[in-house]
Amino acid sequence: MRLPRRVPWSSITELDQVCSWIYSDGNDTEAKVQAIQRLSAWKAITTLPHALESTLAILTVIVQDTAQEGSSSYLLTRQAYASALIRLVNGLVDPLQLGAYARSIASIAAQLGLPAWLVELRHAATHEDLPSLELLREASREAMVWLLNNYFIPALNPSAPLKTRAPPLRPLSPLLSQYKGILKITTRDASLRSQYKAETSQVLRDIERWVAEAKVAADISAATLEWDSSGVDGPELEDTRARWALDRLCDVLLEKGGLVPLSKKKRVVSTNPFQPSASILTIWTPLLAHLHALHPSLQHVLLYRIISTLLSNPMAPDSTTELETISLDATDRLRDPSYDMCLASWAFWLISSGSGSADPDDEMAKMEEAAVALVTGLGPSVRVDTDLRA
Amino acid sequence: MLSAVAARKARLQQTAPPPEPPRAQSSPPSSEAEDVHAHAKPPKRKSSAPAPKAARKKRRVNRPQDTKLGRYFTEKDGFKEQQDVIAVADDDSDEERAWSPSAPFQDSSDEEDAGATPDFAVLNPPAAPLPAEEPPQILSTFRPILGQNFFHVPQEELEAIGMSPLSPTKLLVLRSSDRLALLGTYSLALLRGAVRLNGVQLTPSPHAHPVFSPRSSPLPVIEYAPGAQDSEPTTLLPSRFVGAVTPGDAVVLLQELRTGVEGLGRVCRTFEDVFSPTRWQKNQSTIDLGLQGVHYVTLQSADSQPFLLPRSWERALDAVCSAGDSTSATDLSRQVFAVHGAKKTGKSTLARTLVNRLLARYQRVAFLECDLGQSEFTPGGMVALNILDAPVFGPPFTHPSIPHHAHYIGATTPRNCPSQYLEAISALMQTYNIDVQYASQLDGQTDDGRIAEIIPLVVNMMGWTKGLGADLSRKILDIAQPSVVFDFEAPQPENGWYTPADHRTLSILSYFHAVFPSAPPLASESAGIYATSWNTSLPLCAQHPYELTSDTALDSVILSGPGFEDVVPSEVHHVLNGAVVGLVRCEPGALDLETASSARGIPYTGIPYTRGMPPPPPSASSCPALALVRSTSSAAPARLHVLTPLPPAHLAAAPPRVLVKGELELPVWGMLDFRTEDAVAGVERARVPFLRWGKTEGTGGERRRVRRNLMRRGQQ
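Fair warning: this is a prediction, and the values are worked out from it, not measured in the lab. Sequence order as written defines the numbering, with residues in each chain counted from 1. To read the labels, note that chains go from A and ligands from 1, taken in the order they are written. Reporting in this predicted model follows two pLDDT cut-offs: at least 70 for local features of residues, and 80 or more for side-chain atom pairs to be given and counted; totals over whole chains, interfaces and linings ignore these cut-offs and use all residues. Computation of side-chain values: all heavy atoms of the structure, hydrogens and water removed.

## Description of the overall build of chain A
Phase 1 of the analysis: When helices and strands are tallied, chain A shows 14 helices and one strand.
Phase 2 of the analysis: Going through the 390 residues of chain A one by one, you find that 49% of them count as buried.
Phase 3 of the analysis: For chain A, the share of sequence-separated contacts (at least 6 apart) that also reach a separation of at least 24 residues comes to 73%.
Phase 4 of the analysis: Every accessible area reported is derived by Shrake-Rupley at a probe size of 1.4 Å, with residue values counting cover from the shown protein chains alone. Of the roughly 18200 Å² of accessible surface on chain A, 56% is carried by carbon and sulfur atoms. Helix numbers and strand numbers start at the N terminus; a helix is a DSSP run of H or I with at least 4 residues, a strand a run of E with at least 2. Exposure classes here rest on a 1.4 Å probe applied to the protein chains alone. A residue is buried below 20% of its type maximum, exposed above 50%, and partly exposed in between. We call two residues contacting when some pair of their heavy atoms lies within 4.5 Å.

## Considerations on the confidence of the model for chain A
Residue and element names in this part refer to chain A.
Phase 1 of the analysis: Mean pLDDT for chain A: 77, with 78% of residues reaching 70 or above.
Phase 2 of the analysis: For every residue, the predictor assigns a confidence score, pLDDT, that lies between 0 and 100. Averaged pLDDT values for the elements of chain A fall to 69 in helix H14 (residues 360-378) and rise to 94 in helix H2 (residues 29-45).
Phase 3 of the analysis: In this model residues 315-333 is a low-confidence stretch, pLDDT under 50, and it forms 23 contacts with partners more than four residues away in sequence or in other chains.
Phase 4 of the analysis: Here residues 354-358 scores under 50 on pLDDT; set against residues more than four positions off or in separate chains, the count is eight contacts.

## A word on the domain arrangement of chain B
Phase 1 of the analysis: These domain boundaries are the output of an automatic or database domain assignment. Under the domain assignment, chain B is made up of domain 1 (150-297), domain 2 (311-515) and domain 3 (538-671).
Phase 2 of the analysis: Here domain 1 of chain B and domain 3 of chain B have C-alpha centroids that lie 44 Å from each other.

## Comments concerning the nonpolar core
Side chains of nonpolar character tend, in soluble globular proteins, to be buried together.
Phase 1 of the analysis: Formed by 126 residues in total, the largest nonpolar core has its most connected members in Leu15, Trp42, Leu52 and Ile58 of chain A together with Phe512 and Leu626 of chain B.
Phase 2 of the analysis: Tallying contributions element by element places helix H7 (residues 133-156) of chain A first for this core, with eleven residues.
Phase 3 of the analysis: Setting aside its immediate chain neighbours within four residues, Phe512 of chain B contacts Leu540, Val580, Leu626, Ala627, Leu628, Leu643, Pro645 and Leu666 of chain B.
Phase 4 of the analysis: With 55 residues, the next largest nonpolar core counts Val203, Trp244, Trp284 and Leu310 of chain A among its residues. Definition of nonpolar core: a set of buried residues of the types Ala, Val, Leu, Ile, Met, Phe, Trp, Tyr and Cys, connected through side-chain atoms within 4.5 Å.

## Concerning the packing of helix H1 (residues 12-23) of chain A against H2 of chain A
Packed helices, taken two at a time, are described by the angle their axes make and the gap between the axes.
All names here are of chain A.
Phase 1 of the analysis: The angle between two axes is taken between their N-to-C directions and runs from 0 to 180 degrees, where each axis is a line fitted to C-alpha atoms and a helix contributes only its stretch in contact. Two numbers describe how H1 lies on H2: the axes approach to 7 Å, and their chain directions differ by 140 degrees. With respect to each other, H1 and H2 are oriented oblique. Along this stretch, H1 crosses H2, giving a crossing that reads as left-handed. Side by side, H1 and H2 meet where Glu14, Leu15, Gln17, Val18, Trp21 and Ile22 of the first sit next to Ala31, Lys32, Gln34, Ala35, Arg38, Leu39 and Trp42 of the second.
Phase 2 of the analysis: When residue character is reported, Ala, Val, Leu, Ile, Met, Phe, Trp, Tyr, Cys and Pro are called nonpolar, Asp, Glu, Lys and Arg charged, and the others, Gly included, polar. A class-by-class count of the residues in the contact of H1 with H2 yields eight nonpolar, two polar and three charged. Roughly parallel means an angle under 35 degrees; roughly antiparallel, over 145; roughly perpendicular, 65 to 115; everything else is oblique. Should the near helix be turned anticlockwise from the far one by less than a right angle, the crossing is left-handed, and should it be turned clockwise, the crossing is right-handed.

## Re the sheet that holds strand E20 (residues 546-549) of chain B
Residue and element names in this part refer to chain B.
Phase 1 of the analysis: Any two strands are treated as partners once DSSP identifies two or more bridges connecting them. Strand order across the open sheet formed by six strands is E20-E24-E23-E22-E25-E21, with mixed pairing between neighbours. In this open sheet, the two strands that pair with only one neighbour each are E20 and strand E21 (556-559). Strand-to-strand twist in this sheet, taken as the mean axis angle between neighbours without regard to direction, amounts to 40 degrees.
Phase 2 of the analysis: Note that E21 and strand E25 (residues 658-661) share four bridges and pair parallel. Of the residues in E25, the one forming a bridge with Val557 is Leu659.
Phase 3 of the analysis: Sheet contacts for helix H13 (residues 500-513): strand E22 (580-586), strand E23 (621-632) and strand E24 (639-643); angle to E23, the most-contacted strand, approximately 85 degrees.

## Brief notes about the pattern of salt bridges
Residue and element names in this part refer to chain A.
Phase 1 of the analysis: Salt bridges are identified by distance alone: a Lys or Arg side-chain nitrogen within 4 Å of an Asp or Glu carboxyl oxygen. The final tally for this structure, using the stated rule, is 20 salt bridges over all chains.
Phase 2 of the analysis: We note a salt bridge from Asp251 to Arg248, for which the minimum N-O separation is 3.3 Å. One end of the pair is Asp251 and the other is Arg248, both in helix H10 (residues 234-253) and three residues apart, which spans about a single turn.
Phase 3 of the analysis: With relative accessibility at 9%, the residue Asp251 sits in the buried group.

## Concerning the environment of Pro306 of chain B
Phase 1 of the analysis: Position of Pro306 of chain B relative to the elements: it lies in the loop between strand E9 (294-297) and helix H9 (311-322).
Phase 2 of the analysis: For the pair Pro306 of chain B and Leu385 of chain B, spaced 79 residues apart in the sequence, the C-alpha separation amounts to 29 Å.

## Observations regarding the sheet that holds strand E10 (residues 336-340) of chain B
Hydrogen bonds between backbone groups are what pair the strands of a sheet, and the pairing can be parallel or antiparallel.
Residue and element names in this part refer to chain B.
Phase 1 of the analysis: The strand order E14-E12-E11-E15-E10-E16 describes an open sheet built from six strands, whose pairing is mixed. Of all strands in the sheet, those bounded by a partner on one side alone are strand E14 (405-408) and strand E16 (484-487). Across this sheet, the average inter-strand angle for adjacent strands is 15 degrees, counted without regard to direction.
Phase 2 of the analysis: Judged from the four bridges that link them, strand E11 (residues 365-369) and strand E15 (residues 457-460) form a sheet pairing that is parallel.

## Observations concerning helix H5 (residues 105-112) of chain A
Residues and elements named next belong to chain A.
Phase 1 of the analysis: All of the buried residues along H5 are Ile108, Ala109, Gln111 and Leu112. Take H5 and look down its axis: the buried residues cluster within an arc of 160 degrees, on one side only.
Phase 2 of the analysis: Two residues or fewer past H5, Gly113 is found with a positive phi of approximately 80 degrees. In this context, the arc is that of the directions from the helix axis out to the C-beta atoms.

## Some remarks on the packing of aromatic side chains
Residue and element names in this part refer to chain B.
Phase 1 of the analysis: Side-chain rings of Phe, Tyr and Trp, where Trp is taken by its six-membered ring, are said to pair if the distance between their centres is within 6.5 Å; with planes under 30 degrees apart they count as stacked, over 60 as edge-to-face, and otherwise as tilted. Per the stated rule, a full pass over the model turns up 14 aromatic pairs over all chains.
Phase 2 of the analysis: Ring plane angle 55 degrees and centroid distance 6.4 Å describe the contact between Phe271 and Phe397, whose orientation is recorded as tilted. Of this pair, Phe271 sits in the loop between helix H7 (264-267) and helix H8 (279-284) while Phe397 sits in the loop between strand E12 (382-388) and strand E13 (401-402); the two residues are 126 residues apart in sequence, bridging distant segments of the chain. Neither residue differs from the other here; Phe271 and Phe397 are each classed as buried.
Phase 3 of the analysis: Cluster of aromatic residues (ring-pair linked, three or more members): Phe271, Phe275, Phe397 and Tyr498.

## Some thoughts on the side chain of Asp247 of chain A
Phase 1 of the analysis: Tracing the backbone shows Asp247 of chain A in helix H10.
Phase 2 of the analysis: Contacts of Asp247 of chain A, omitting those with residues within four sequence positions, involve Val301 and Arg305 of chain A.

Shown next, in the form of structure tokens:
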């Protein structure tokens, strides 16, 4: 049973009223004071959503600032503005720091659609000279508009689509082809390996970062995050996000030119053991091993993606087109047996040696799982090559 | 990247000093005990204290080098435990947890670590992982055989020995090395011999001890204990059993105990069925004692850990509790025991065990609660002084009380109100020193062989031992002037799935559903009042409230919390609606009501609220109970509907006229209606005020979450 959240308003119309007090007339200070008083009372009832807390903080400074033109200390006003803005940005960005390592605030803010200069202002106000009053006033105005568009309007009209959509996930394919290019060079000539070492690790790191960004994007597109998650559903949530991100990664990996080479000649698989040809393996195993170390479920996800791709009707539109990745043309995805064969060999490789696990029990378990997935997917219409189990 | 962390970790492990080897163990307890043992040196003790300060100083100097080891875990726990912090990273798999929380940054204020081991010690792995693969331990060795060591006791015989004849009762004969772990609730009376329960040795008495044993906390195990005086009169034992009992046997009466406490599982479904065995446990055990609500537990499992008293604790408790044996009963030296340690070290357990042990020697024992988050006898948010005359067996939610004296802080940590917190503790210590310590001499207590002349005190300190918390702890020790300080060095391994927040939730709900005996206030004043049953037939939203007319029933409404000064009088009824408040009695003149009323706003709704008024001084006030303001009317004069477990007689005798609202909130579970799934008090989900089901819309629609263990790239 999922618990509801405690909210300070008895019905959403109360929130609507506060919103109209704040935004309907920019010069109506009295209405703004009313909003401040109501929000302060709400804050004493229960912890407010971060956006409301920031609204209260910024609005208080704005009202104070307009009331006291010619005030005795402008430093006070600047400090108040600065602290409200710093807290706004931090509070929005922090929940999306999901990995072990900090991501740059700018990249998270970009995904949230937060103006980049607010992030710069945050940095300046925290570590550098306190910004000028003019800049701070402008930033507060901008922040209030952002809050209206990104918090109040979606919260008050739950069915309305987001006005400012988060930018789509940047494409992964260029990164992958860059990786492939480097690896091709270094596998052909081992002496170049040290020369390309930095580039290799850079591209691995870029792919890693892409997965992290995908996790955040998952958060926005899925929008299932509960504010009141008292840690109980934290793990599940994290799992769903990671799963989503890995699914996207696998989609791109399974495109032609990814794990399966573009050239049909190169798709020839080695039969004993049944696995992709050595040249393909040497290119892709470093990446898979690297990502597997960070995301232990990658192997599992990839295997299931492969199986479902094999089972899907090759003529049907691919499921990835509805997602936010910028996918290749559908015509490009028309398949032929060599593609299927190559994918099947990858699946077999994943089961038998993918993780390098020496445990035969583990391998058996994975085989069984895969077989179950296959059988369930095939159902009565057995069509696909069964030599996978050979 | 990750393997680099692992490699570095491995290298550091080689250079780091190996953990202190476990001491020799005579009995093979689970590694749980071993873990504590390896790193906890026996707590410092000093039976009589002319100079408690010296004792404390010594304790600090003597900290061993492995302090950091304890800190690593404590810190992680601290992150998890704080209310406003969501442990985002805790769900990472073990491999990914190779990095440590950013420990090096947070210890600068921890003065105890000055000059301690270098920072890499924090990377030491846990000394003893939980025994996941070990075969489950056998908890119960007692096998009931009807007519040999297990008897039904008919009503007449119960009456003859002075026990309640109303509940079904069994008589058990425990022989050497017999152990018995039971799940559920029962009354236990010892008629002959000796048994140990939760590390406390019981002596024969017709008084039954209520025992609460849910799965959510360690199971009490009834253990045969040798060495009771055989000269003990056997008059308690009905004559027909005398033949079945050989000298040295322990004879125990088990009686059904129906308190309704199981109903709390309906209220807070996190704790659903904690008093019943899991399906696994049902399959393990076929033994039925024939008592309702009592379940025989054979094997240890992940969700039924037995109560274990580490040997270092045992030694320390023995030393403290037996020190007085040689001295005469007229030794009136100060007996104040402070239990001090970080979170998750077992403070509360040790404090409870200490109280129970002291009750074997003293007729009454006082208990000062300074832990606002997980209080023993009250819901959180209060510092309270309790007096006990019988041992307690069960987790805190099974013994809520109307304390002897208490002050409301209104938060689960003193972080935002350190001075008020210290003042409250200081006021309670004064109450103890003056009114309680030697009070027994005044009122005629029956002589039962225990010391009545002095009431010792156990002080349970808070688990916040860093930064400002360390400062506060030091000041509390200065105020309490303890004769003995127990200190912990290593955390207890976690048991069970319940977080401190879960327990806090349950303890508030247990409090509001508790039924207190409605004895007239004066007679029961001396020992405080403890809940005897729970009424969970109706959810809080359907119970009959008291109605208060604010302008006549109340002197003042005070909001005490960060930012609460900004609430204007015209908005205060919004704040009170649905709030958990402390009911506070003030001595005349404690509050400046004159200036307060003149400063009040013009649109007076009848709620006597003044902006920014500080809470009443603890020295001139007390908080007997908490209340839930279930509704307020906005029309003047405002009427409040209030729920409180405080018995009507207490309300009438000295009505609390001040309401203090702090940061403490009613858990969401308490706002739901457990009678139906999809409505509250007949209102369908979508229309229920103040609650919202479903996902959050809009960016920033969530509460702020804090990460304190984020690493920078290159920081490995």
